Amino acid sequence: MISIIVPCFNEAEALPYFYEEICRILRGMDEYELIFVDDGSTDDTLPLIRGYAECNENVIYLSFSRNFGKEAAMYAGFCNVRGEYAAVIDADMQDPPGLLPEMLRIIKEEGYDSVAARRSSRAGEPPLRSFFARRFYKMINRISDADIVDGARDFRLMKRSMVDAIVEMGEYNRFSKGIFGWIGFRTYWLSYENVERVAGKTKWGFWKLFGYAVDGIINFSQAPLSIASWLGIGMTAASFVMLLFLVVRRLCFGDPVAGWASIVCVVIFMGGMQLSNIGIMGQYIAKMYMESKHRPHYIVSETNCDTVKRIK
Ligand code: UDP
Ligand code: MG
């Protein structure tokens, strides 16, 4: 059996197109289950999904008590997978469902554990967003041990063993692209041309994406902490050199110390450095704080399946 996880947040406009397409594709495949995770939508997404579940016994849905975010929605899906294979796919048709049969073939015939989709281009994306995205992938690959391919999407089909590993990674601050990379397994990368969403609007503004990127770095790398310490050590060394210079100049040339402006500059500079480094530490502490609370990742308020884990 193959389980398809579909996180949906206010996707009422795109969902009918998606449902029609995915059903058309799945009809030709083995047994399947479609797991719709309604991430606290405020539009007609839930009634739509309820309707699908009534007409199609392969449809399972979980509806969250509020918006928990796409990461929580994917995690809920993974926790409730029953199939031998599982796939995550967006509801807006940006992840072409038509790739699924090819993905399944590659896993079955070529011995891979997962097949992940990557966009071969970023056409149609705002230039600034592309620029930062590229920087982000370069940086995170350099400073963490989760290797993440540029243009990688969350869209992938994987074997059960990989799903179990993902569920085992129960961290509260989730960054799936990093988790997929961190757990390893043999992954085949399937490229495809970027597709615009079929209807509705993206839920990821620039700043939300930026925050997500920062989360990714903090979750998978301690590099910012080391950078902060090395900067501190560098600054201390520099200040010793400056002190030495001033003492020698005073002794040899008897120069009175002139100008307070330079001193003020240095003081402000140091203050800024200290504050920003405390800020970096604070980010890590905040993550630890949230992890230590052991709060559930999601809370299901409605479902059509008795065996679903309602809180996890
Ligand atoms: N999504 C979600 N919860 C959220 C935001 C998004 O479940 O808080 C879902 C959304 O319904 C879609 C997928 O995640 O199926 C990707 O979202 P979107 O298309 O807005 O992101 P983009 O493709 O622009 O990165
Ligand atoms: Mg999208």
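One structure accompanies this document, and this report is about it.

Scoring rules and cut-offs
Residues numbered from 1 in each chain as written. Chains lettered and ligands numbered in written order. Predicted model: local features only at pLDDT ≥ 70, side-chain atom pairs only at ≥ 80, totals over all residues. Heavy atoms only, no water. Near = heavy atom within 4 Å. Polar contact = N/O pair within 3.5 Å; in protein donor to acceptor, adjacent residues only side chain to side chain. Areas by Shrake-Rupley, 256 points an atom, 1.4 Å probe, with all protein chains shown as cover. Nonpolar A, V, L, I, M, F, W, Y, C, P; charged D, E, K, R; others polar. Helix = DSSP H or I, 4+ residues; strand = E, 2+ residues; numbered from the N terminus. Donors = N, O, S within 2.8 Å, 3.2 Å for Na, K, Ca; no water. Buried < 20%, exposed > 50% of the residue type's maximum accessible area, 1.4 Å probe, protein only. 1 Å grid on protein atoms, 1.4 Å probe; cavity = no way out; pocket = protein on both sides within 12 Å on 5 of 7 lines; lining within 4 Å. Points joined across faces, edges and corners; volume = space filled by probe spheres on them. Arc of directions from axis to C-beta. Contact = heavy atoms within 4.5 Å. Core = buried A, V, L, I, M, F, W, Y, C linked by side-chain atoms within 4.5 Å. Pairing = 2+ DSSP bridges. Axes fitted to C-alpha atoms, helices over the stretch in contact; angles between N-to-C directions.

Turning our attention to the site of ligand 1. Taken together, 18 residues lie near ligand 1, and Asp39, Asp92, Gln94, Arg197 and Thr202 sit nearest. The separation between an oxygen atom of ligand 1 and a polar main-chain atom of Phe9 is 2.8 Å. One nitrogen or oxygen atom from the side chain of Asp92 is found 2.6 Å from an oxygen atom belonging to ligand 1. When the free accessible area of ligand 1 is taken as 530 Å², the share hidden by the protein chains comes to 93%. Among the residues making up the shell around ligand 1, the classes are represented as 5 nonpolar, 4 polar and 9 charged.

Take the side chain of Asp154 next. Along the chain, the position of Asp154 falls in strand E6 (residues 152-159). A polar contact is formed between the side chain of Asp154 and the side chain of Lys70, at a distance of 3.1 Å.

A few words on the coordination of the magnesium ion (ligand 2). Within the protein, Asp92 (OD) and Gln94 (OE1) serve as the donor atoms for the magnesium ion (ligand 2), at 1.9 Å. Residue classification places Gln94 among the buried positions, given a relative accessible area of 18%.

Glancing now at the layout of surface pockets. Taken as a whole, the second largest pocket encloses approximately 440 Å³ of empty space. In this structure, the second largest pocket is lined by 17 residues; those nearest its centre are Phe68, Gly69, Glu71, Arg174 and Asp215. Going through the elements one at a time, helix H3 (70-79) and helix H8 (206-220) are the ones with two or more residues in the lining of the second largest pocket. Sort the elements by how many residues they give to the lining of the second largest pocket and H8 lands first, with 4 residues.

A separate point is helix H2 (residues 45-55). The α-helix winds at 3.6 residues per turn, so residues separated by three or four positions along the chain end up facing the same way. Among the residues of H2, those classed as buried are Thr45, Leu46, Ile49, Tyr52 and Ala53. Within H2, the buried residues cover an arc of 120° as seen down the axis, which keeps them to one side. Opposite the packed face of H2, turned more than 90 degrees from it, sit the exposed residues Glu54 and Cys55. Among the structural elements, strand E1 (2-8), helix H1 (15-27), strand E2 (32-38), strand E3 (59-64) and strand E8 (300-303) are those in contact with the buried residues of H2.

As for its placement among the helices and strands, Phe155 is situated in strand E6. Classification of Phe155 by relative accessible area gives buried; the value is 0%. Residues Phe155 and Glu302 lie 147 residues apart in sequence; the distance between their C-alpha atoms is 25 Å. Not counting residues within four places of it along the chain, the set of residues in contact with Phe155 comprises Val88, Ile89, Asp95, Pro96, Leu99, Leu100, Met103, Val115, Ala116 and Ala117.

Judged by nonpolar contacts, the single largest core of 41 residues is most densely connected at Val37, Phe64, Phe78, Met158 and Tyr298. Broken down by secondary-structure element, the contributors of at least two residues to this core are E2, E3, H3, strand E4 (85-88), helix H5 (127-143), helix H6 (160-168), helix H7 (176-183) and H8. Considering every element that reaches this core, the biggest residue donor is H3, with 7 residues. Setting aside anything within four residues of it in sequence, one finds Phe78 in contact with Ile5, Val88, Met158, Val163, Ile166, Val167 and Phe180. Counting 39 residues, the second-largest nonpolar core is a separate cluster that includes Tyr19, Phe36, Met103 and Ile106.

Right, let's talk about the environment of Val163 for a bit. Mapped onto the elements of the fold, Val163 is located in helix H6. Residues Val163 and Leu99, 64 residues apart in the sequence, show an inter-C-alpha distance of 20 Å. Here Val163 is in contact with Phe78, Val81, Ala86 and Met158, once residues within four sequence places are set aside.

Strand order in the open sheet formed by 8 strands is E7-E5-E6-E4-E1-E2-E3-E8, with mixed pairing between adjacent strands. Whereas interior strands pair on both sides, the edge strands pair on one side only; in this sheet they are strand E7 (187-192) and E8. When strand polarity is set aside, the average angle formed by the axes of neighbouring strands in this sheet is 20°. By the bridge criterion, 4 bridges tie E1 to E4 in an arrangement that is parallel. For Ser3, the partnering residue across the bridge sits in E4 and is Ala86.

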